[in-house]
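This is what each chain is made of:
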Amino acid sequence: MTSADFRNELLEASLVLKDAMEICIVPVCRRYGLPPQQFHILMALEKSGPQSVGELSEKVGILRGNITGVCKKMEEKKLIVRSRCPEDERVVLVDMDEEGRKLLQDMKEELDQCCGRFLQEEPQENVEEIINGLNKLCSLAQNLKKEKK
């Protein structure tokens, strides 16, 4: 496979995955009154725990200049808690609040139903192959991101 073949397949997959997000994730976000970017913030906090605003910005792909406003809105909804880092008070740490944990759990349960319907006809070995392929793609993308720095 050439790099051009990979590029074409990657672009096609990104469009298909965008559509899948529109089908599953976006409607759930709407029902819970949570913009998708705030959902991604909760997911990142659940996966990696408390982190600085800068780290969170990089993980979820929200510009540093915009993430502070997004975090303020989430803090007002009691979804996250912001605090100063004890070692360096210039650094603002973000963590999930209990309300954010509950909301994320409820949303994930609903998303599990959507994913279950999506995968119900697939044999288990195909699902495992898809997950392995996604993990490899994510690893490759993370390596590209590291090279960019």
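Residues numbered from 1 in each chain as written. Predicted model: local features only at pLDDT ≥ 70, side-chain atom pairs only at ≥ 80, totals over all residues. Heavy atoms only, no water.

Caption draft 1: Representation of the state of the cysteines in the model. For the coordinates displayed, the defined rule picks out one disulfide. Across the disulfide from Cys24 sits Cys114; the S-S distance is 1.8 Å. Looking along the S-S bond of the Cys24-Cys114 disulfide, the torsion reads about -60°, which is the left-handed sense. One end of the pair, Cys24, is in the loop between helix H1 (3-23) and helix H2 (25-31); the other, Cys114, is in helix H6 (residues 98-119), and 90 residues separate them in sequence. The exposure class of Cys114 is buried, given its relative accessible area of 9%. (Disulfide = S-S within 2.5 Å. Helix = DSSP H or I, 4+ residues; strand = E, 2+ residues; numbered from the N terminus. Buried < 20%, exposed > 50% of the residue type's maximum accessible area, 1.4 Å probe, protein only.)

Caption draft 2: Summary view of the sheet that holds strand S2 (residues 80-84). Pairing is antiparallel across the open sheet formed by three strands, whose spatial order is S1-S3-S2. Edge positions in the open sheet fall to strand S1 (51-52) and S2, since each of these has one partner strand only. Sheet topology places S1 next to strand S3 (residues 92-96); two bridges connect them, and they run antiparallel. Residue pairing in the sheet places Ser52 in a bridge with Leu93 of S3. On top of the sheet, helix H3 (residues 36-48) reaches S1, S2 and S3; it is set at about 90° to S3, its chief contact. (Pairing = 2+ DSSP bridges. Contact = heavy atoms within 4.5 Å. Axes fitted to C-alpha atoms, helices over the stretch in contact; angles between N-to-C directions.)

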